[in-house]
Amino acid sequence: LAREAAEGRSLGPEHPTTLEARRDLAKVLQRCGKEEEAEKTLRQALAGSQKVLGFDHPVTERMLSNLSQMLKRRGEDEQAAQLLEEHKMCTVVAATPVPAPRSDRGALVLVVLALFVAPEHRRKGVGRAAIDHWSAMAGELRAEAIEVEVVSGDAEAFFKACGFSTVDVPAGAEGAADAEGREGDTIAKPSDEVPG
C-alpha cells in the first residue's frame, strides 16, 4: 500500500499526500535495511516537495532534515552539507525521476492488520472512528474492499456491526491466529460500501 500511494497511482505523482507517502515509504525501506532505495525515494519526495510546497514549507524542511540525517548516519557529512547549502540557494535536490505507476497490479484492497482499543476507551466511538478513517482512505485510493482478519467473536461482531461480512479465502492462504494459535476468519467491506 505504501508503494501504491508513493507512486501517486490515485492522487498523482506530485500531490502533497503522494509526496508524504513517498517520504513514509523511504522510512520503511530504511528500517528494512534498503539504504540506497530509501535515499532514492526520499530524494524524490524532497524534490517534489521543494517544487510543489516550496523550500520553506514545514513538510519540505522535515524531509530535508530526514535526508540530511540519513546521509550523516552513513558518514556522508560532505553530501549532507552540500544538500543543506543547495536548499538554502533554492536548488531542487537531484533525484531520479519517479517511475510511472504500474497498472498491472490488479485490484487494490486495504488490509487492516490490527485494531486495539484500550478498555477504558471502548464503547466511546474510537473503533468506529478508525473504521470511518479507513473507509475514507479506501475511497481515496479507489480500493475494492477493506479486509481484516479477526480471531475473537467480539471483534467479529464489532466489524460486522460496521458493515463487514465474512469472505472466502483461497485455499492455502494463511489466516490470522491469536496467542493460543486459534485461526480467525477474514471479513471484508466491499467497495460499494466504501465511500469514494
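About the cut-offs
Residues numbered from 1 in each chain as written. Predicted model: local features only at pLDDT ≥ 70, side-chain atom pairs only at ≥ 80, totals over all residues. Heavy atoms only, no water. Axes fitted to C-alpha atoms, helices over the stretch in contact; angles between N-to-C directions. Helix = DSSP H or I, 4+ residues; strand = E, 2+ residues; numbered from the N terminus. Parallel < 35°, antiparallel > 145°, perpendicular 65-115°, else oblique. Left-handed = near helix turned anticlockwise from the far one by under 90°. Contact = heavy atoms within 4.5 Å. Expected span 1.5 Å × (residues − 1). Buried < 20%, exposed > 50% of the residue type's maximum accessible area, 1.4 Å probe, protein only. Phe/Tyr/Trp six-rings, centres within 6.5 Å; stacked < 30°, edge-to-face > 60°.

A closer look at the packing of helix 6 (residues 126–141) against helix 7 (residues 153–161)
At a minimum axis distance of 11 Å, the contact between helix 6 and helix 7 shows a crossing angle of 55 degrees. In terms of orientation, helix 6 and helix 7 fall into the oblique class. The crossing of helix 6 and helix 7 is right-handed. Contacts between helix 6 and helix 7 involve Gly127, Arg128 and Ile131 from the first element and Phe158, Phe159 and Ala161 from the second.

Notes on helix 6
When the terminal C-alpha atoms of helix 6 are compared, their 23 Å separation across 16 residues agrees well with the 22 Å that a helix rising 1.5 Å per residue should span. Every buried residue of helix 6 is listed here: Gly127, Ala130, Ile131, Trp134, Ser135, Ala138, Gly139 and Leu141. Arginine 142, located one to two residues past helix 6, shows a positive phi value of around 60 degrees.

Some details on the packing of aromatic side chains
Tallying each qualifying case throughout the model produces 2 aromatic pairs. With a centroid separation of 5.3 Å and an interplanar angle of 75 degrees, the aromatic rings of phenylalanine 158 and phenylalanine 159 are classed as edge-to-face. Ring plane angle 75 degrees and centroid distance 5.2 Å describe the contact between phenylalanine 159 and phenylalanine 164, whose orientation is recorded as edge-to-face. In terms of burial, phenylalanine 159 and phenylalanine 164 fall into one category: buried. Through pairs of rings, three or more aromatic residues link up here, namely Phe158, Phe159 and Phe164.

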